[in-house]
Amino acid sequence: MEPSQRNTKTPSFSDSTIPVDSDGRATVFRPFSLSSPHSRAFHLAWLSLFSCFFSTFSIPPLVPVISSDLNLSASTVSAAGIASFAGSIFSRLAMGPLCDLIGPRTSSAILSFLTAPVILSASLVSSPTSFILVRFFVGFSLANFVANQYWMSSMFSGNVIGLANGVSAGWANVGAGISQLLMPLIYATIAEFFPRTIAWRVSFVFPAIFQVTTAVLVLLYGQDTPNGNRKNSNQNKIINPEEEEVVVKEEEERSSFVEILIGGLGNYRAWILALLYGYSYGVELTTDNVIAGYFYERFGVNLEAAGTIAASFGISNIASRPAGGMISDALGKRFGMRGRLWGLWVVQSVAGLLCVLLGRVNSLWGSIAVMWVFSVFVQAASGLVFGVVPFVSTRSLGVVAGITGSGGTVGAVVTQFLLFSGDGVRKQRSISLMGLMTFVFSLSVTSIYFPQWGGMCCGPSEEEDLSRRLLVEDEEEDNKVTSGRLRPVC
């Protein structure tokens, strides 16, 4: 793989190795290719986020050893877990505007470079306070998710964006599970040569190096858009020799940072999607935290079996979340935005009902079966949410993605605090209540409406519909109809 021409001329869309729309975004998704900048961006995006998930979740599997060495209490470990989610809330909110300002490629690399020393500093913790602080700042790396989704939305057209977003995030999320498997092995290997009080500290060198390596690859081989990098795209102008004036290709690039920020923060659809993501991805994160303990305490399985059951819940991300994106694209192609919204509501509602059932089943194998089906639906719901995000605002896409992404971690923090904190918590009841909350909040999708595409229960406004029909007629007369301009594929 050769480095992309980052600081040279803009590539010609006609020479692209895959079909593209009028903006140069890929209209097909080929995840097993490296021949186009779109495919390279996809692989760099998911691998970079994978390394951040690996780093963030490299600490939990070694907590028994760390707790024994530092005498950490159960409340400290719990507080540190919540701190890791809280850290990602703030960083995700900031990452969106940063992507709008300097592009996803540079934003992703900067975040990885800044947080890699933090995970390395885990080897230096010596007190409960420093342990909580490290987990808090390591959690910042999960903001790479916003850059990941922004990058995919910049590279892939509307007809495949749900699938591209779903696969990119789904594959990256597997990094948490792989970390659970590899970190104990890394620790055990090092412990053969060093005392265990040193071995767990040395183990964190690996995730730090991995994260830096992926950041370097992103800078060397990635580009922000099909046109090139953000700085070069902003300089891409058309000269009219007759009028001697400069016309900027994309007028939204002229918008100031404040206008972009206000545009995203003031868009109510972003906040509704944040709520929906809080009770899809947020529920997934909460389940990751409690499901092993639930099976251990309620059904009396040993720790190894409980861990294996919990791992199977997370690993299904490799297919479930991409499936959600694929469903969103298929429904969008067939029914427009209404199809995307209905698909999101149905899948998330079913996930909520399955979560309610999970807390009510009294047999071990019955609970495992319900958990597996629940994992598919709740993870697919996350993919369906981000199948809608790219259509909320082109100019403020980064802000919208940041708000939505932060909603996921806010949902996890709030749900865990309300339902799973304190002494004497009955987890089966809390799991069922979590499912009920998921079902109720899924109804908020009915309030999302796009004037040009409509909503769940009504079509586009009459003025928008008339203007679109007139535009189509004009374009047909001029023989300039393109798939990108004729009818946006919701």
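A quick note: this is a predicted structure, and the numbers were derived from the prediction, not measured.

So, how was this worked out
- Residues numbered from 1 in each chain as written.
- Predicted model: local features only at pLDDT ≥ 70, side-chain atom pairs only at ≥ 80, totals over all residues.
- Heavy atoms only, no water.
- Helix = DSSP H or I, 4+ residues; strand = E, 2+ residues; numbered from the N terminus.
- Buried < 20%, exposed > 50% of the residue type's maximum accessible area, 1.4 Å probe, protein only.
- Contact = heavy atoms within 4.5 Å.
- Areas by Shrake-Rupley, 256 points an atom, 1.4 Å probe, with all protein chains shown as cover.
- pLDDT = per-residue confidence, 0-100.
- Salt bridge = Lys/Arg side-chain N within 4 Å of Asp/Glu carboxyl O.
- 1 Å grid on protein atoms, 1.4 Å probe; cavity = no way out; pocket = protein on both sides within 12 Å on 5 of 7 lines; lining within 4 Å.
- Points joined across faces, edges and corners; volume = space filled by probe spheres on them.
- Nonpolar A, V, L, I, M, F, W, Y, C, P; charged D, E, K, R; others polar.
- Expected span 1.5 Å × (residues − 1).
- Polar contact = N/O pair within 3.5 Å; in protein donor to acceptor, adjacent residues only side chain to side chain.
- Patch = residues over 30% accessible without salt bridge, like charges linked within 9 Å, V, L, I, M, F, W, Y side chains within 5 Å.
- Phe/Tyr/Trp six-rings, centres within 6.5 Å; stacked < 30°, edge-to-face > 60°.
- Core = buried A, V, L, I, M, F, W, Y, C linked by side-chain atoms within 4.5 Å.

## Things to note about the overall build of the protein chain
Counting its secondary structure elements, the protein chain contains 21 helices and 4 strands. For the protein chain, with 490 residues in total, the buried portion stands at 54%. The contacts in the protein chain between residues at least 6 apart in sequence include a share of 78% that link residues at least 24 apart. Summed over its atoms, the accessible surface of the protein chain is roughly 21100 Å², and 63% of this surface lies on carbon and sulfur atoms.

## Re unusual backbone geometry
Although it is not a glycine, N71 sits at a positive phi angle of roughly 60°. Structurally, the position occupied by N71 is in the loop between helix 2 (63-70) and helix 3 (74-102). Judged by relative accessible area, N71 falls into the exposed class, the value being 65%.

## A word on the confidence of the model for the protein chain
Taken as a whole, the protein chain shows an average pLDDT of 82; of its residues, 84% reach a score of 70 or greater. This stretch, residues 1-15, has a pLDDT under 50; its non-local contacts, to residues over four places away or in other chains, come to 28 contacts. Within the model, pLDDT remains below 50 along residues 470-490, and this stretch shows 28 contacts once partners closer than five positions in the same chain are excluded.

## Comments concerning the pattern of salt bridges
The tally for this structure, following the rule as stated, stands at 4 salt bridges. Of the charged contacts in the structure, one is a salt bridge between D21 and R25, with a shortest N-O distance of 3.4 Å. Where R201 meets D69, a salt bridge forms, and the shortest distance between an N and an O atom there is 3.9 Å. One end of the pair, R201, is in helix 8 (residues 196-202); the other, D69, is in helix 2, with 132 residues separating them in the sequence. Because the salt bridges share partners, they merge into one network encompassing D21, D23 and R25.

## Observations regarding empty space enclosed by the protein
Across all of its chains, the model carries 1 cavity of 30 Å³ or more by this definition. Lining the largest cavity are I59, I66, A122, V125, F131, V134, W200 and F204. Of the residues assigned to the lining of the largest cavity, the class counts are 8 nonpolar, no polar and no charged.

## Remarks on helix 17 (residues 364-385)
The terminal C-alpha atoms of helix 17 lie 32 Å apart, and with 22 residues this matches the ideal 32 Å at 1.5 Å per residue to within 8%. Near the N-terminus of helix 17, the side chain that reaches the backbone nitrogen of G366, with its oxygen 3.2 Å away, is that of S363.

## Structural notes on a nonpolar patch on the surface
A cluster of nonpolar side chains, L120, F193, F194, I198, V202, V205 and I209, forms an exposed patch at the surface whose accessible area comes to about 620 Å². Counting residues per element, the ones that place at least two in the nonpolar patch are helix 8 and helix 9 (205-221). Examined against the element boundaries, L120 turns out to sit in helix 4 (residues 104-120).

## What to know about the packing of aromatic side chains
In the structure shown here, the tally under the stated rule is 27 aromatic pairs. With 5.9 Å between their ring centres and 15° between their planes, F145 and Y277 make a pair best called stacked. Highlighted residues: F145 in helix 6 (residues 144-155) and Y277 in helix 12 (residues 268-278), separated in sequence by 132 residues. Taken individually, F145 and Y277 each receive the classification buried, so the pair is uniform in this respect.

## Brief notes about the nonpolar core
Core analysis: the biggest nonpolar cluster contains 99 residues, and I66, F156 and F204 have the highest contact counts within it. Looking at this core, the element that brings in the most residues is helix 7 (residues 161-191), giving 12 residues. If you look at the next biggest cluster of nonpolar residues, it comprises 27 residues, including Y294, F313, L358 and V361.

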